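If you want the building blocks of each chain, they are given just below.
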Amino acid sequence: MNALPIIIGSLCVMAIAYRYYSAFIAAKVLTLDDSRPVPSQTMYDGHNYYPTNKWVLFGHHFAAISGAGPLIGPVLAAQFGFLPGLLWLVIGVCLGGAVHDFMILAGSIRRKGKSLAEMARTEISPLSGFVAGVAILFIVVIALAGLGLVVVNALAESPWGTFTVGFTIPLALFMGLYMYRFRKGKIVEATVIGVIGLLLAVYLGGRVAESSFAPSLTFSRNTVTILMAAYGFIASVLPVWMLLCPRDYLSSYLKIGTIAFLIIGVILVHPNLNMPALTPFTHGGGPVIPGKLYPFVFITIACGAISGFHALISSGTTPKMIAKESDARMIGYGSMLMEGVVGVVALIAATSLFPGDYFAINTAQKTDAQKAAYVRMVDEHSAQGFNLQPQEIDHLEQESGEKNLRGRTGGAVTLALGIAKIFDGIPGLRGLMKYWYHFAIMFEALFILTTIDTGTRVARFLVGEFGGRFYRKLEEPNWLPGSVITSALVVAAWGAFIWSGSISTIWPMFGIANQLLAAVALCVATTIIINSGKARYSWVTILPLSFVATTTLVAGWESITDIFWPLAQKPETLMQGYINTGLTAIIMAAAVIILVDSIRRWFGFGKRPEPMPLLTEAESLV
């Protein structure tokens, strides 16, 4: 199968969805109105509530929601073939993920920028609000630790990546001061400076890696963890316009620019997808994902199709910076479509590798037992007609400058090789695969790191809201001592997971937790629609909710019974099995409680809470 019709068809479907389906939701379901005041105006504080240009905010929001999911998920799901992942990415993002992000963003805008947990409390019930708050705090710490671990592994012992990523921090500070203090409103000028600075950072990173300064920027895993924790803390406490927003805006140029260049590369090179549409591993037993195609492809590809983590951003920093309601369509629905494109491109890059090379890279081969199991798998499937003999791996090692690509599990190396092969195939750019490969590794690290800073800030809002029940001042987002305390708690939590490495014992739960959080957000969105008197449009959120909730609960149950609990029966993995089983069960129970409570609310059972008013009387007069 050639990649050209796939990329063109996917772009056309998403463009049609944005033009018509998002317009329908904006006009009929949400009735967006630019005359209605927004939180950045009515609650302006110059710190967290700050009216922001829609293009700058688009960059911030896209950078914040685009983490490891749309890059790594499709690569891992390529084990099943290119077709299942492609269908889920295109259909899921148009009817599920983009709707999810758009609805939560608009709902938070009309509720003073309140979090998902607070909206669950006011729209569904206090019980749902409490359960959602606890579940969200748990999930977001796991998410930040998991994403952070990917960054740590990518930047450890990598002076090129460390220099380039580190250079973006002072560059973003300068951009923030330039746009909002030195040359207020001169966004184009700041953008030009930022893009030039970013390209310079990428170029200088390669030179630094080959210079005598390289040892000074070659940090261990623990040192990178400390530096990242310090950055996350500072970005969470400083005013949003000073570092967080301009850095994410700047990073979005590298993200969107690289993806756009990759799309052009796919169109020009139009590589063949060497992975078949479906592989024998659709029935389970694969080396990357042990479960069957259904339901595991739907939790493996998370962020590219639908992601609950996005609800935390859509009800966190972004609604506090929206300048007018109509901007929510482009930022909420449009950003998620962009992430869907990222997922499709990542899938194409991974499946352009030969199956033998793909599985040689993504199958663990550290121990003698693992190496023997890999050899048996290759011989068995090759004899049955699915050729798993490596085709180009020796050549790829030579061209990329890597000594050993075998057993480099996790998806990052596979994606970097796929990207490098496509770029290297563009006329006039051949012979530079080593540079493309290391650029792709740096691109992936920067792509993920922008989720860490915004996620930390969102998490400290959640901790502040929860702590405000015991000490009111903690709920005030611009109270500096509260910001310092809540940020420190959040950073300490995810930093401890990364430092100890214990996140590896619960990483398999991330996909389940993320999709169940999406189901919780869709419950809230459906309740908002019904409470606003537009129940006839509730199908917009009920359809994706029904699929995501049932599929993920099935995946959770199968993970417990087939993967996690068996681990608890072995002495060497007993603790890992108990932790994975217990925490997955807790997350599933929390989602079921909120789902049942929501259904009771939709059908009018029990006492209906007073929904949070969209506008106060004073605000309506603004």
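Asks: Which residues make up the overall build of the chain, and what values go with them?
Replies: Along its length, the chain carries 24 helices and zero strands. In terms of C-alpha radius of gyration, the chain reaches 23 Å, essentially the compact-globule figure of 25 Å for 622 residues. Taking the principal axes of the C-alpha coordinates as reference, the chain spans close to 70 × 55 × 50 Å. Contacts in the chain between residues at least 24 apart in sequence constitute 84% of all its contacts with a sequence separation of at least 6. Surface exposure of the chain reaches about 23,400 Å², of which carbon and sulfur atoms provide 67%.

Asks: Quick one: what's the story with the environment of Leu4, residue by residue and with numbers?
Replies: Here Leu4 shows up in helix 1 (residues 3–29). When its relative accessible area of 25% is taken as the criterion, Leu4 is described as partly exposed. Sequence separation of Leu4 and Ile348 is 344 residues, and the distance between their C-alpha atoms is 9.8 Å. In contact with Leu4, other than residues within four places in its own chain, are Ile267 and His270.

Asks: Please give an account of the environment of Val596 that cites residues and values.
Replies: By the element assignment, Val596 lies in helix 23 (residues 574–602). Judged by its relative accessible area of 46%, Val596 falls in the partly exposed class. In this structure the C-alpha to C-alpha distance between Val596 and Ser128, which are 468 residues apart in sequence, comes to 9.6 Å.

Asks: An account of the confidence of the model for the chain is requested, with residue identities and associated values reported.
Replies: Residues of the chain with pLDDT of at least 70 account for 93%, and the chain-wide mean is 84. Looking over the chain, one finds the lowest element-wise mean pLDDT in helix 24 (residues 617–620), namely 38, and the highest in helix 5 (residues 82–109), namely 96. Low pLDDT (under 50) marks residues 611–622, which in the prediction has 20 contacts with non-local residues, meaning those over four places away or in another chain.

Asks: Quick rundown of helix 17 (residues 393–400)? Include the residues and the values.
Replies: Every α-helix winds through 3.6 residues per turn, so residues three or four apart in the chain are directed the same way. Every buried residue of helix 17 is accounted for by Ile393, Leu396, Glu397 and Ser400. Taken end-on, helix 17 shows its buried residues confined to a sector of 100°, consistent with a single buried face. In helix 17, the exposed residues that point more than 90 degrees away from the buried face are Asp394 and Gln398. Looking at the residues trailing helix 17, positive phi occurs at Gly401, about 85°.

Asks: An account of unusual backbone geometry is requested, with residue identities and associated values reported.
Replies: Cis geometry marks the peptide bond from Tyr294 to Pro295, where omega comes out at 10°. Locating Pro295 in the fold gives a position in helix 12 (residues 293–300). A positive phi angle, near 50°, is found at Thr31, a position not held by glycine. Among the secondary structure elements, Thr31 is positioned in the loop between helix 1 and helix 2 (39–42). Backbone geometry places Lys112, a non-glycine residue, at a positive phi of 60°. Mapped onto the fold, Lys112 is located in the loop between helix 5 and helix 6 (116–123).

Asks: Describe in detail the packing of helix 4 (residues 69–77) against helix 14 (residues 327–351), supporting the description with residues and values.
Replies: Axis separation between helix 4 and helix 14 bottoms out at 8 Å; the angle between their running directions is 40°. When the axis of helix 4 is compared with that of helix 14, the two are oblique. By crossing handedness, the relation of helix 4 to helix 14 is classed as right-handed. Mapping the contact onto sequence places Pro70, Leu71, Pro74 and Val75 in helix 4 and Glu339, Val342, Gly343, Ala346, Leu347 and Ala350 in helix 14. Residue composition of the contact of helix 4 with helix 14, grouped by class: eight nonpolar, one polar and one charged.

Asks: Before we move on, could you go through the state of the cysteines and cite the residues and values that matter?
Replies: On inspection of all chains with the given rule, the structure shows zero disulfides. Not engaged in a disulfide, the cysteine Cys94 finds its nearest cysteine sulfur in Cys12; these two sulfurs lie 12 Å apart. Residue Cys94 is classed as buried on the basis of its relative accessible area of 5%. Cys303 provides the cysteine sulfur closest to Cys523, a residue in no disulfide bond, and the two sulfurs are 19 Å apart.

Cut-offs used in this document
- Residues numbered from 1 in each chain as written.
- Predicted model: local features only at pLDDT ≥ 70, side-chain atom pairs only at ≥ 80, totals over all residues.
- Heavy atoms only, no water.
- Helix = DSSP H or I, 4+ residues; strand = E, 2+ residues; numbered from the N terminus.
- Rg over C-alpha atoms; globule rule 2.2 N^0.38 Å.
- Contact = heavy atoms within 4.5 Å.
- Areas by Shrake-Rupley, 256 points an atom, 1.4 Å probe, with all protein chains shown as cover.
- Buried < 20%, exposed > 50% of the residue type's maximum accessible area, 1.4 Å probe, protein only.
- pLDDT = per-residue confidence, 0-100.
- Arc of directions from axis to C-beta.
- Axes fitted to C-alpha atoms, helices over the stretch in contact; angles between N-to-C directions.
- Parallel < 35°, antiparallel > 145°, perpendicular 65-115°, else oblique.
- Left-handed = near helix turned anticlockwise from the far one by under 90°.
- Nonpolar A, V, L, I, M, F, W, Y, C, P; charged D, E, K, R; others polar.
- Disulfide = S-S within 2.5 Å.

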